[in-house]
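Architecture and fold: a report
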Amino acid sequence: MSEGKTEGLKEANDALQGRREFLKNVCVSSAAALVAAPASTGAAAETANPDADVTVSEFFQGHFLLMSDEEKKQAIARLEKRYSAQYRKKTTVSNVEAPDGVLFGYALDISKCIGCRRCVHACVKENNQSRHDPEVQWIQVMKMPKGNIAFTAENLDKGYPEKSEFGDYGVQVGGNAYKTAGLSTEDAQNYYNDELVPDRDFFYMPVQCQQCEKPPCVKACPVRATFRDHAGVVLIDYNWCIGCRMCQLACPYHARRFNWGEPKLPAEEMNPKTHYFGNRPRMRGVMEKCTFCVQRTREGRNPACMEVCPVGARKFGNLLDPESDVRRVLATKRVFRFKEEFGTYPKFFYYIG
Amino acid sequence: MNTVLCFARDFGSYAIKGGKMYYSWLLFLGFFILVGSYTAYIQFTEGLIVIGATDQVTLESFFANFVFTAHVAAAAVLVVAPGYFYHRKDLKELAVMGEIIAMVFVATGITFILFHMGRPDRTWHIVPFIGHMNFPNSMLSFDTIVLNVYLFLNMIGVSYILFKKYVGTFHEKQLATWFKPIVFLAIAWGPLIHIITAFVLASNARVGMWATAVLPFAFLSMAGASGPALVVLIFLLARKFTDLEIGNPAIDLMTDIIAWSLGILMLVFASEFFTLLYPSAEHANSLVYNMFGHKGLNHYVPWFWGTIIALASCFIALLFRRVRHSYHRWLPLVCFVVFFAVLIEKPMILIFPSFSPSPLGEYTEYHVTLVELFNVLFVWALGFFWLTVILKGAIGILTGEVRHHSAPAVSPDGMRGGM
């Protein structure tokens, strides 16, 4: 009996060794991909994981929220060690809790937005997204024709009523008559490449995670890797995500981005001040999205996209505080929520100032 | 020697023996398994970036094929149910073949899901108690449960029947008391895996094409068409190349099920298309894109019309008695077309076009990459390899060629199970 047990243990140990070797190989190959990036040509092969044991412990770690304080400390230490070696700079992974009595909210003035996309790039810089092949962007700015969203203006006077025994009052034929309608985002340009903004004939609508009060993504996640924290922000445990993409499927705002390949983050562009649920470098095959810059906002700072906005179109604050910017906007402006019909109750408001 | 070991040895040695055709079929599958091992290695080391999926079209051909395997797996109960509900003797004897198909196709579907996942190494996160399962909120957690339970129900059923027949004690009176409930549970569970899989898709309000109450019915009717189509093909092959006796009435029943499933499917398509196209409101966008393309993006258009026409003409063809009874020519052809048309319907009508327009109004075409294609073929080749081998062994047991040396002599009645 006991003999069988020791044999079993030995086998398990061997299996673990095998897995370590395998993971080591995987890490080396991914690091090789990193080195291949022109920006990091100087970065040597030792950007690879310095300690295979770290990877194994990371593999067996549980959901971060369910860990004991000791386990959390170890997990953070592991990550800091790994990132510091990989990006060759002192990296901190914070685990600051969200402040109590706070519900984070965002308001965006679409009449002010000039479509410069500084927010998009500030976000990429702050949050350590993959920089090339592909560059992952959490904010997408829609450039939409002014006035005519769901029909074609040149077709307005085309078409004619069908002749019938009632005279010329039949159903319209031609013109816009055969077009499916009701798609408010139709004719939005998401990849415009203008030298000068704003374009007079268009308005701009940036979309990012709407931090829903009733997030369909959280409901869809089979392992609870994504969840809503008590400040109302939807977060992801990148080490718990299994990459099934059910959340991406559920999201009506196209807010979630998947790391289809190994993220390509050059060491010199890496932001070393990170948060466990926020901007720490991600791995291949996990989901990521806007966190309202959890690494900043949990420490009382503003999100990067808001700080960079040159026209002050973005307002961020505590929805529970009647004196906050967001609450003032809600009280005094014409406010709407994007795709309200999905019943997700976003805490991201658009307004016309 | 232990009876179980004897069973495994005899079953295995019979299963891998065959004629030239048999070996060339296995070799054919072996080729795709070999190439697929390499492409699977590429995908698991470089990530899903080597396949065609994007943030806009997030479900890829693995998921589409998974839905199809659920079709066939669920439909396998149509072989089991007539025997146990309507006491069709001929089908009761063949019930084990339906269970084998269900078992192998569920396993194939689960393999597809592993290919679908970004982090297959973290699969244990969904196991209750070891990891954390978001039950009952996430529809995928329901799907995980029903698929695995269905797999085990069928594994128990198949091994019990085959083993009992092997040792020659498979008689109605001598069956274990737990066996009947397991069979009936498996019959009920077949449609269940299917309905839950439909709900995995239908639960996403933002994909207009799936936000429809007919989705489970579409799935069930396509299951009723594609599953029995495969069963008919297997029956025809089995009675041509082996000593297994399968009467025409068994095949005719399967053909009737295909015909009427296709009939219901026509109604489902018609009601779906009407409901979307008459008001031409927001949800119609994906369907119109699928049918006619959008501003020059018309990759799916030929697939759409091809699939619909193929399914409709198969339905019409099966209304003719001459086609239904043409066991060597038209019937296998029709079954082949039905099987592949339903398979093609999954990515090209159900999954890919539904993602356009995206929530931000983007239209995207999905192009399957070579690595993805070979990975799909890899999983299919693995699935068909196991299907072939297990069915071959099972036929050996059903015909009495494989049996334990202590088993009673084969009587004409007891030969195929003696119910």
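Scoring rules and cut-offs
Throughout, a residue's number is its position along its own chain's written sequence, starting from 1. Here the convention is simple: chains get letters from A, ligands get numbers from 1, in the order in which they are written. Given that this is a predicted model, residues contribute local features only at a pLDDT of at least 70 and side-chain atom pairs are listed and counted only at 80 or more, while totals for whole chains, interfaces and linings are drawn from all residues. Counting from the N terminus, the helices are DSSP H or I runs at least four residues long and the strands are E runs at least two residues long. Throughout, the radius of gyration refers to the C-alpha atoms, and the reference size of a globule is 2.2 Å times the residue count to the power 0.38. For every residue pair, C-beta atoms are placed from the backbone, and the pair is scored as a contact if these atoms sit within 7 Å. With C-beta atoms placed from the backbone, a residue is buried if 20 or more other C-beta atoms are within 10 Å of its own, exposed if 12 or fewer are, and partly exposed between those counts. A pair of strands is treated as paired once DSSP finds two or more bridges between them. Orientation is described by lines fitted to C-alpha atoms, with helices fitted over the stretch in contact, and by angles between N-to-C directions that extend from 0 to 180 degrees. Crossings are classed by handedness, with left-handed meaning an anticlockwise turn of the near helix from the far one by less than a right angle and right-handed meaning a clockwise turn. Residues are grouped as follows: Ala, Val, Leu, Ile, Met, Phe, Trp, Tyr, Cys and Pro are nonpolar; Asp, Glu, Lys and Arg are charged; all remaining types, including Gly, are polar. Expected helix span is computed as 1.5 Å times (number of residues minus one). Small angles under 35 degrees read as roughly parallel and large ones over 145 as roughly antiparallel, with 65 to 115 read as roughly perpendicular and the rest as oblique. Connectivity within a nonpolar core runs through C-beta atoms within 7 Å, and the core itself is a set of buried Ala, Val, Leu, Ile, Met, Phe, Trp, Tyr and Cys residues. pLDDT measures the predictor's confidence residue by residue and takes values from 0 up to 100.

**Brief notes about the overall build of chain B**
Along the backbone of chain B there are 14 helices and zero strands. The order of α-helices and β-strands along chain B, N terminus first, is α-α-α-α-α-α-α-α-α-α-α-α-α-α. Against the 2.2 N^0.38 benchmark of 22 Å for 419 residues, chain B shows a C-alpha radius of gyration of 22 Å, consistent with a compact globule. Oriented by its inertia axes, the alpha-carbon framework of chain B measures out at about 70 × 55 × 45 Å.

**What to know about the overall build of chain A**
Within chain A one finds nine helices and 14 strands. Across chain A, the fraction of contacts at a sequence separation of at least 24, relative to all contacts at a separation of at least 6, is 65%.

**Comments concerning the pairing of strand S2 (residues 104–109) of chain A**
Residue and element names in this part refer to chain A. With respect to burial, S2 is a largely interior element, five of its six residues being buried. Two elements, S2 and strand S12 (residues 314–318), share five bridges in a ladder whose sense is antiparallel. Paired with Leu108 across the two strands is Arg314, which belongs to S12. Of the pairings in the sheet, the one linking S2 to strand S14 (residues 348–352) comprises four bridges and is parallel in character. Note on S14: the bridge partner recorded for Leu108 is Tyr350.

**Digging into the sheet that holds S14(A)**
Strand-to-strand pairing in sheets goes through backbone hydrogen bonds, with the strands running parallel or antiparallel. Residue and element names in this part refer to chain A. Read across the open sheet, the four strands follow the order S12-S2-S14-S13; overall the sheet is mixed. Every interior strand has two partners, whereas the edge strands, S12 and strand S13 (334–336), have only one. Neighbour to neighbour, the strand axes of the sheet diverge by 30° on average, direction disregarded.

**Here's the deal with the packing of helix H5 (residues 89–116) of chain B against helix H6 (residues 139–167) of chain B**
For any two helices packed against each other, the geometry is given by the interaxial angle and the distance between the axes. All names here are of chain B. Packing of H5 against H6 brings their axes to within 9 Å, and their N-to-C directions diverge by 145°. Here the hand of the crossing between H5 and H6 comes out left-handed. In contact with Val96, Glu99, Ile100, Ala102, Met103, Val106, Ala107, Gly109 and Ile110 of H5, H6 contributes Leu147, Tyr150, Leu151, Asn154, Met155, Gly157, Val158, Ile161 and Leu162. Here the residues of the contact of H5 with H6 sort into 14 nonpolar, three polar and one charged.

**Here's the deal with unusual backbone geometry**
Negative phi is the rule for most residues except glycine; trans is the rule for most peptide bonds. Cis peptide bonds are those with omega within 30 degrees of zero, and the linkage from A:Asp133 to A:Pro134 qualifies with -5°. With respect to the helices, strands and loops of the structure, A:Pro134 is situated in the loop between helix H4 (118–126) and strand S3 (140–145). Not every positive phi belongs to a glycine, and B:Phe129 is a case in point at roughly 75°. With respect to the helices and strands, the residue B:Phe129 is situated in the loop between H5 and H6.

**Remarks on the interface of chain A and chain B**
Listed as interface residues are 43 residues of chain A and, on the opposing side, 40 residues of chain B. Those elements that provide at least two residues to the side of chain A that touches chain B are helix H1 (2–35), S3, helix H5 (216–220), helix H6 (246–250) and strand S9 (257–258) of chain A. With four residues, the top contributor of residues to the side of chain A that touches chain B is H6(A). Each residue belonging to the side of chain A that touches chain B can be placed in one class, and the counts come to 24 nonpolar, 12 polar and seven charged.

**Brief notes about helix H14 (residues 370–399) of chain B**
The first and last C-alpha atoms of H14(B) sit 42 Å apart over 30 residues, in line with the 44 Å expected at 1.5 Å per residue. Of the residues one or two after H14(B), B:Gly400 is the one with positive phi, at around 90°.

**Digging into the packing of helix H4 (residues 77–85) of chain B against helix H7 (residues 179–202) of chain B**
All names here are of chain B. As a packed pair, H4 and H7 sit with axes 10 Å apart at the nearest point and diverge in direction by 135°. With respect to their mutual orientation, H4 and H7 come out oblique. Relative to H7, H4 is oriented so that their crossing is left-handed. On H7, the residues touching Val77, Val80, Ala81 and Tyr84 of H4 are Val183, Phe184, Ala186, Ile187 and Gly190. Partitioned by chemical class, the residues of the contact of H4 with H7 number eight nonpolar, one polar and no charged.

**What about the nonpolar core?**
Residues and elements named next belong to chain B. Ala73, Ala76, Val77, Ile101, Tyr150 and Val338 are the most contacted members of the largest nonpolar core, which has 204 residues in total. Here this core gets 15 residues from one element, more than from any other, and that element is H5. Once you skip the residues sitting within four places of it in the chain, Ala76 turns out to touch Gly98, Glu99, Ile101, Ala102, Gly190 and Gly227.

**Remarks on the environment of B:Gly263**
Of note, B:Gly263 is situated in helix H9 (residues 248–277). When the C-alpha positions of B:Gly263 and B:Leu360 are compared, they lie 37 Å apart, and in sequence the two are 97 residues distant.

**A look at the confidence of the model for chain A**
Residues and elements named next belong to chain A. Model confidence for chain A is summarised by a mean pLDDT of 83, while 83% of its residues fall at 70 or above. A low-confidence stretch, residues 1–10 (pLDDT under 50), is modelled with zero contacts involving residues beyond four sequence positions or located in other chains. Across residues 26–48 the pLDDT falls below 50, and counting only partners more than four positions away or on other chains, this stretch makes 28 contacts in the model.

**Remarks on the environment of A:Tyr204**
All names here are of chain A. For Tyr204, the location among the structural elements is in strand S6 (residues 202–207). A sequence separation of 93 residues divides Tyr204 from Ser111, and the C-alpha atoms of the two residues are 8.0 Å apart. Beyond its immediate stretch of four places on either side in the chain, Tyr204 contacts Ile110, Cys113, Ile114, Gly115, Val141, Met142, Lys143 and Pro198.

**Description of the confidence of the model for chain B**
All names here are of chain B. Overall, the prediction assigns chain B a mean pLDDT of 91, with 97% of residues at 70 or greater. Taken element by element, chain B is modelled with least confidence in H4, mean pLDDT 88, and with most confidence in helix H11 (residues 301–318), mean pLDDT 96. Scored below 50 in pLDDT, residues 411–419 shows 16 contacts in the model against residues more than four places distant or in partner chains. Here the predicted complex carries an ipTM of 0.89, next to a pTM of 0.88.

**Observations concerning the environment of A:Pro222**
Considering the arrangement of structural elements, one finds A:Pro222 in the loop between H5 and strand S7 (226–228). Sequence-wise, A:Pro222 and A:Ile242 are 20 residues apart; in three dimensions their C-alpha atoms are separated by 8.9 Å. Non-local contacts of A:Pro222, meaning those with residues more than four positions away in its chain, are made with A:Cys244, A:Met246, B:Ile126, B:Met133, B:Asn134, B:Ser138, B:Leu140, B:Ser141 and B:Thr144.

**Describing the pairing of S14(A)**
Residue and element names in this part refer to chain A. For S14, a buried count of four out of five residues is recorded, marking the element as mostly surrounded by other parts of the structure. Both S13 and S14 contribute to a ladder of three bridges, which runs antiparallel. From the neighbouring strand, Arg334 faces S14, where its bridge partner is Ile352.

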